[in-house]
Amino acid sequence: MPIPANQERATSPTRGRRTHPGLLTLLFGLPALLFALITWQVVADGPLIRLDERVSRGLVAPDRASELLADLGNIQVAVPVLAVALGYVAVRARRAGGDRWWLPVAAAALLMALVPALVVPLKELTDRPGTPVVPPGTGYYPSGHTATAAIAYGSATLLLLPRLRTPLARRALVAVCAVLVLGVSYGLVRRGYHWPLDVVASWCLCAVLLSSLWLFLRRTGPPEQPR
């Protein structure tokens, strides 16, 4: 028996939300490929690493401002910001009703928990030493602070975006997220806590993770506010 058009729309929340294959390649394929390339160069001590070290020498200039920016990627700073966003979204979603109101919040929390589960083994595998301005040691690749900032601020942004009513508010939120992540990244490199490629690799890794969350939220989250 054919389903009426109005009933089909009501029972198909993902209708009209198909993602173009080219966009999927851009969101997943390119970051994953770049991450694999950088990781290979780190493990093999390839020419890209020597270039990275030269770039670092030109950028490092430790100061108080760069240290404060780097601190925005601390777990003690970034995770509470995400927790506030999770709490707000959970309350709003619970009041709106629905059987699976908790799924977006749970997905974002799980993604945050995945950061150390992915980054720590990679640090042990690559065993990359730090820059000359940090104490001798290894395990600097990829940057955990960058990953923490990107996932915490990025996940909070993805959860809050559909609940903002105007394009200006949404653009402002995305801009704030970008400024925070880029600020942390700049602070880490400028202070000498990380080589530039440590940070870039974390961007690539987090691009894949946040793209996965974005696709999940498109299917389970609330519809975006009208423009």
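Residues numbered from 1 in each chain as written. Predicted model: local features only at pLDDT ≥ 70, side-chain atom pairs only at ≥ 80, totals over all residues. Heavy atoms only, no water.

Colleague: Quick question: what am I supposed to make of the environment of Ala 90 here?
Modeller: The residue Ala 90 is located in helix α5 (residues 75–96) in this model. As for Ala 90 and Pro 104, which are separated by 14 residues in sequence, their C-alpha atoms are 8.5 Å apart. Not counting residues up to four positions away in its chain, the partners in contact with Ala 90 are Trp 101 and Val 105. (Helix = DSSP H or I, 4+ residues; strand = E, 2+ residues; numbered from the N terminus. Contact = heavy atoms within 4.5 Å.)

Colleague: Just checking my understanding: could you explain the side chain of Thr 39 for this structure?
Modeller: Within the secondary structure, Thr 39 sits in helix α2 (residues 21–44). Here Phe 35 takes part through its backbone oxygen, which lies 2.8 Å from a polar atom of the side chain of Thr 39. Excluding residues within four positions of it along the chain, Thr 39 makes contact with Thr 126 and Tyr 141. (Polar contact = N/O pair within 3.5 Å; in protein donor to acceptor, adjacent residues only side chain to side chain.)

Colleague: What's the story with helix α3 (residues 47–59) in this structure? I'm lost.
Modeller: Helical periodicity: at 3.6 residues per turn, an α-helix aligns residues three or four positions apart in one direction. Helix length check: α3 (13 residues) gives 19 Å between terminal C-alpha atoms against 18 Å at 1.5 Å per residue, within 8%. Of all the positions in α3, only Ile 49, Asp 52 and Ser 56 are classed as buried. Around the axis of α3, the buried residues are gathered within 55 degrees of arc, so they sit on the same side. Turned more than 90 degrees away from the buried face of α3 sit Pro 47, Arg 57 and Gly 58, all of them exposed. (Expected span 1.5 Å × (residues − 1). Buried < 20%, exposed > 50% of the residue type's maximum accessible area, 1.4 Å probe, protein only. Arc of directions from axis to C-beta.)

Colleague: Which parts of the structure should I look at to understand unusual backbone geometry?
Modeller: Note: most peptide bonds trans; most residues except glycine with negative phi. Cis geometry marks the peptide bond from Tyr 141 to Pro 142; its omega dihedral reads -10 degrees. With respect to the helices and strands, Pro 142 occurs in the loop between α6 (103–126) and α7 (144–160). One non-glycine residue, Asp 45, adopts positive backbone phi at about 55 degrees. Taking the relative accessible area as the measure of exposure, Asp 45 reaches 46% and is therefore partly exposed.

Colleague: What is the right way to read the packing of α5 against α6 from this model?
Modeller: The packing of two helices is summarised by the inter-axis angle and the distance between the axes. At their nearest, the axes of α5 and α6 sit 10 Å apart, and the two run at 165 degrees to each other. Overall, the two elements α5 and α6 adopt an arrangement that is roughly antiparallel. As α5 packs across α6, the resulting crossing turns out to be left-handed. For the pair formed by α5 and α6, the contact residues are Val 79, Leu 82, Leu 86, Val 89 and Ala 90 on the first element and Val 105, Ala 108, Ala 109 and Met 112 on the second. Partitioning the contact of α5 with α6 into residue classes produces 9 nonpolar, no polar and no charged. (Axes fitted to C-alpha atoms, helices over the stretch in contact; angles between N-to-C directions. Parallel < 35°, antiparallel > 145°, perpendicular 65-115°, else oblique. Left-handed = near helix turned anticlockwise from the far one by under 90°. Nonpolar A, V, L, I, M, F, W, Y, C, P; charged D, E, K, R; others polar.)

Colleague: Can you walk me through the packing of α7 against helix α9 (residues 196–220) in this structure?
Modeller: Between α7 and α9, the least distance of the axes is 9 Å, while the angle of their chain directions is 25 degrees. Between α7 and α9, the angle falls in the class roughly parallel. The two elements α7 and α9 cross, and the hand of that crossing is right-handed. Touching Thr 146, Ala 147, Ala 150, Ile 151, Gly 154, Ser 155, Leu 158 and Leu 159 of α7 are Val 199, Ser 202, Trp 203, Cys 206, Leu 209, Leu 210, Leu 213, Trp 214 and Leu 217, all from α9. Classifying every residue of the contact of α7 with α9 by side-chain character gives 13 nonpolar, 4 polar and no charged.

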